[in-house]
Amino acid sequence: KFYFALTVTSSFISGLIFVFEWWHFRKYGTSFIEQVSVSHLRPLIGGAENTPPATTSFSAGENETSRQNMPECKVWRNPLNLFRGAEYSRYMWVTGKEPLTYYDMNLSAQDHQNFFTCDTDALRPSDTVMQKAWRERNPQARIKAAYQALELNNDCATAYVLLAEEEATTIVDAEKYFKQALKAGEMIYRKSQNCHSQSPQHEAQLRRDTNVLVYVKRRLAMCARKLGRIREAVKMMRDLMKEFPLLSMLNIHENLLEALLELQAYADVQAVLAKYDDISLPKSAAICYTAALLKARAVSERFSPETASKRGLSTAEINAVEAIHRAVEFNPHVPKYLLEMKSLVLPPEHILKRGDSEAVAYAFFHLQHWKRIEGALNLLHCTWEGTFRMIPYPLEKGHLFYPYPSCTETADRELLPTFHEVSVYPQKELPFFIHFTAGLCSFSAMLALLTHQFPELMVIFAKAVSIISVTGYI
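Residues numbered from 1 in each chain as written. Predicted model: local features only at pLDDT ≥ 70, side-chain atom pairs only at ≥ 80, totals over all residues. Heavy atoms only, no water.

By the naming in an unreviewed UniProt entry, the chain goes by Suppressor of tumorigenicity 7 protein-like and is assigned to Otus sunia. The Subcellular location (unreviewed entry) field of the UniProt record for the chain holds the comment "Membrane". Quoted verbatim from the Sequence similarities (unreviewed entry) field of UniProt, the annotation for the chain is "Belongs to the ST7 family." (UniProt positions renumbered as here; feature names shortened; annotations may be inferred.)

Next comes the structure, spelled out in structure tokens:
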């Protein structure tokens, strides 16, 4: 009876502990034991009572503005997408793995038709051929059609664009094709400007020729960046943004941010962020994480979690931690790539904002910039998980942004190759202590059941265990 009462009591107590821990985890996003054990590091992980509210402008207004625009799983063109012939194809030749999905390439084909075709293509035979070329699924058929268009018109800019993207096997070759496309595109653009007011068809042709010109100049700037002519690339991007200010939806500023970070021109990076990190403009991982990187840069070199836990965080450190929390809330997949907890793959041609595809694209180009700043990755490692304590139910309620969209996983699986393990959020693992109390409760309940069914046998077993324990002690 004594052993039975003991096991029942033990099972009851461990069951109560398990229920309490589970309730605490569901309500606060962490177990009670874990919360107590890390209380001395609370300033580092967010949610401290003595942490002042965010003083930056996005903390209040951005939340309200974002909530008015509920999240949609809209796919965006990757502003830093690679070249198919010079980069994606070379990867496939070396590894034997297809880096792009059919869904991603189909979206690119739709983009090309929207950017590079219009209703007046029937008036120019070369454009008619290119209109068919953009619809071709076979790469060799597209390249063949581009050469046919050049035979009809040696100044067909879109034909050079296709050859630069798909036939050129090096960035140098791609740049040569784009320079030919630029020469032809500027000539056609000037002609369209002179007659765009004559009819709606001519206006559509001007829009198409503008798209071609902007695309070619942007890709030439990206070629210069890849070939190490970074200052030249920055100048080309700045000129392009001044010449076509209404095309901000193309996110050319993200190309500019990456090039300026490579130059370590942090003051210029801050100036770009001041213009584009605005409440009324859509956010991206590049915007949020670059803002966090600049604030981390001011404190990361001297940052130590042990020292911070003793003296508390300074104002600059609080601002850096809040910026990291803001970035992680926007896209929670990025830190694992920056901290090299997950392996990277080539970024897709399209990304889903706040999704794993955007995280891959950002980390692929920006990991080197985080590594260059001493202590930045250490600060990120110490603080990024604190974001999840402030938003225990991210699908229902956000903190600075609208709730995290639940549709990202499906879209990311369509955009990313099958050999890549897609990151899923939210995906919480139960703390160890909850597993421990659940096991203890189950073990105690099993002992109580065995004691009730086989009392004599369990008494003998208990005495044997006691004798062995005493003998071992002696």
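On we go.
All right, on to the pattern of salt bridges then. In this structure the tally under the stated criterion is 22 salt bridges. Note that Lys371 is salt-bridged to Glu340, the shortest N-O span being 3.4 Å. In this pair, Lys371 is assigned in helix α19 (residues 356-372) and Glu340 in the loop between α18 (334-338) and β2 (350-352), connecting sequence segments 31 residues apart. (Salt bridge = Lys/Arg side-chain N within 4 Å of Asp/Glu carboxyl O. Helix = DSSP H or I, 4+ residues; strand = E, 2+ residues; numbered from the N terminus.)

Glancing now at the packing of helix α9 (residues 157-167) against helix α11 (residues 200-226). Relative orientation of the contacting elements α9 and α11 amounts to 35 degrees, with a least axis distance of 11 Å. Remark: the crossing between α9 and α11 carries left-handed chirality. In contact with Ala157, Thr158, Val161 and Glu165 of α9, α11 contributes Val212, Tyr215, Val216 and Arg219. Along the lines of polarity and charge, the residues of the contact of α9 with α11 split into five nonpolar, one polar and two charged. (Axes fitted to C-alpha atoms, helices over the stretch in contact; angles between N-to-C directions. Left-handed = near helix turned anticlockwise from the far one by under 90°. Contact = heavy atoms within 4.5 Å. Nonpolar A, V, L, I, M, F, W, Y, C, P; charged D, E, K, R; others polar.)

By rolling a water-sized probe across the atoms, one finds the places where empty space is left. Within the structure shown, the criterion is met by three cavities of 30 Å³ or more. One number sums up the size of the largest cavity: a volume of about 100 Å³. Together, 13 residues line the largest cavity, and Leu80, Glu254, Ala286, Ala361 and Tyr362 are the ones closest to its centre. Sorting elements by how many residues they give to the lining of the largest cavity places α19 first, with five residues. Residue composition of the lining of the largest cavity, grouped by class: eight nonpolar, three polar and two charged. (1 Å grid on protein atoms, 1.4 Å probe; cavity = no way out; pocket = protein on both sides within 12 Å on 5 of 7 lines; lining within 4 Å. Points joined across faces, edges and corners; volume = space filled by probe spheres on them.)

As for its position among the elements, Tyr91 is in helix α5 (residues 84-95). Considered as a pair, Tyr91 and Leu346 are 255 residues apart in the sequence and their alpha carbons are 8.6 Å apart.

Let us now look at helix α13 (residues 252-263). At 3.6 residues per turn, the α-helix brings residues three or four places apart onto the same side. The terminal C-alpha atoms of α13 lie 17 Å apart, and with twelve residues this matches the ideal 16 Å at 1.5 Å per residue to within 8%. The element α13 is extensively covered by neighbouring structure, given that ten of its twelve residues are classed as buried. Those residues of α13 not exposed but buried are Ile252, His253, Glu254, Asn255, Leu256, Leu257, Glu258, Ala259, Leu260 and Leu261. Here the buried face of α13 lies against α11, α12 (230-243), α14 (266-276), α15 (285-297) and α19. After α13 finishes, the residue Gln264 shows a positive phi value of roughly 60 degrees. (Expected span 1.5 Å × (residues − 1). Buried < 20%, exposed > 50% of the residue type's maximum accessible area, 1.4 Å probe, protein only.)

We now examine the packing of aromatic side chains. All chains considered together, the criterion is met by eleven aromatic pairs. Seen in terms of ring centroids, Phe116 and Trp134 are 5.2 Å apart; in terms of plane orientation they differ by 40 degrees. Their pairing is tilted. In this pair, Phe116 is assigned in helix α6 (residues 102-116) and Trp134 in the loop between α7 (125-133) and α8 (139-152), connecting sequence segments 18 residues apart. You'll find Phe116 and Trp134 in the same group, each marked buried. (Phe/Tyr/Trp six-rings, centres within 6.5 Å; stacked < 30°, edge-to-face > 60°.)

Take the nonpolar core next. Grouped together as the largest cluster of nonpolar side chains are 103 residues, with contacts concentrated most on Met130, Phe178, Tyr289, Leu338 and Trp370. Ignoring anything within four residues of it in the chain, the contact list for Leu338 reads Tyr289, Tyr362, Ala363, Leu367, Trp370, Leu377 and Leu380. Membership of the second largest hydrophobic core comes to six residues, among which are Leu80, Leu82, Leu100 and Leu346. (Core = buried A, V, L, I, M, F, W, Y, C linked by side-chain atoms within 4.5 Å.)

It is worth spelling out the side chain of Ser126 at this point. By secondary structure assignment, the location of Ser126 is in helix α7. If we skip the residues at most four places from it in the chain, Ser126 touches Ala149, Leu152, Asn153 and Cys156.

Let us look at the confidence of the model for the chain. Per-residue confidence for the chain gives a mean pLDDT of 81; residues scoring 70 or more make up 77%. A low-confidence stretch, residues 34-71 (pLDDT under 50), is modelled with 66 contacts involving residues beyond four sequence positions or located in other chains. (pLDDT = per-residue confidence, 0-100.)

Take His366: it is sitting in helix α19. According to the relative accessible area criterion, His366 is buried, its value standing at 3%. Once residues within four sequence positions are removed from consideration, His366 is found in contact with Glu258, Leu261 and Thr290.

Non-glycine residue Gln264 carries a positive phi angle of around 60 degrees. Along the polypeptide, Gln264 turns up in the loop between α13 and α14. The residue Glu340 is not glycine, and still its phi comes out positive at about 60 degrees. On the accessibility criterion, Glu340 (52% relative accessible area) is exposed.

Take helix α17 (residues 315-330) next. In this model α17 runs 23 Å from its N-terminal to its C-terminal C-alpha over 16 residues, within 8% of the 22 Å that 1.5 Å per residue would give. Counting buried positions along α17 yields 13 of 16 residues, so the element is predominantly enclosed.

Let us look at the packing of α11 against α13. The interhelical angle for the contact between α11 and α13, taken along N-to-C directions, is 15 degrees, at an axis separation of 11 Å. Our classification of the angle between α11 and α13 gives roughly parallel. Judged by the sense of rotation from one axis to the other, the crossing of α11 with α13 is left-handed. Facing Val214, Arg218, Met222 and Arg225 of α11, the residues of α13 in contact are Ile252, Asn255, Glu258, Ala259 and Glu262. Of the residues belonging to the contact of α11 with α13, the class tally is four nonpolar, one polar and four charged. (Parallel < 35°, antiparallel > 145°, perpendicular 65-115°, else oblique.)

Together, Met446, Leu450, Phe454 and Leu457 make up a nonpolar patch on the protein surface, roughly 380 Å² of accessible area in all. Tracing the sequence through the fold places Met446 in helix α23 (residues 432-453). On the basis of relative accessible area, Met446 is assigned to the partly exposed category, the value being 43%. (Patch = residues over 30% accessible without salt bridge, like charges linked within 9 Å, V, L, I, M, F, W, Y side chains within 5 Å. Areas by Shrake-Rupley, 256 points an atom, 1.4 Å probe, with all protein chains shown as cover.)

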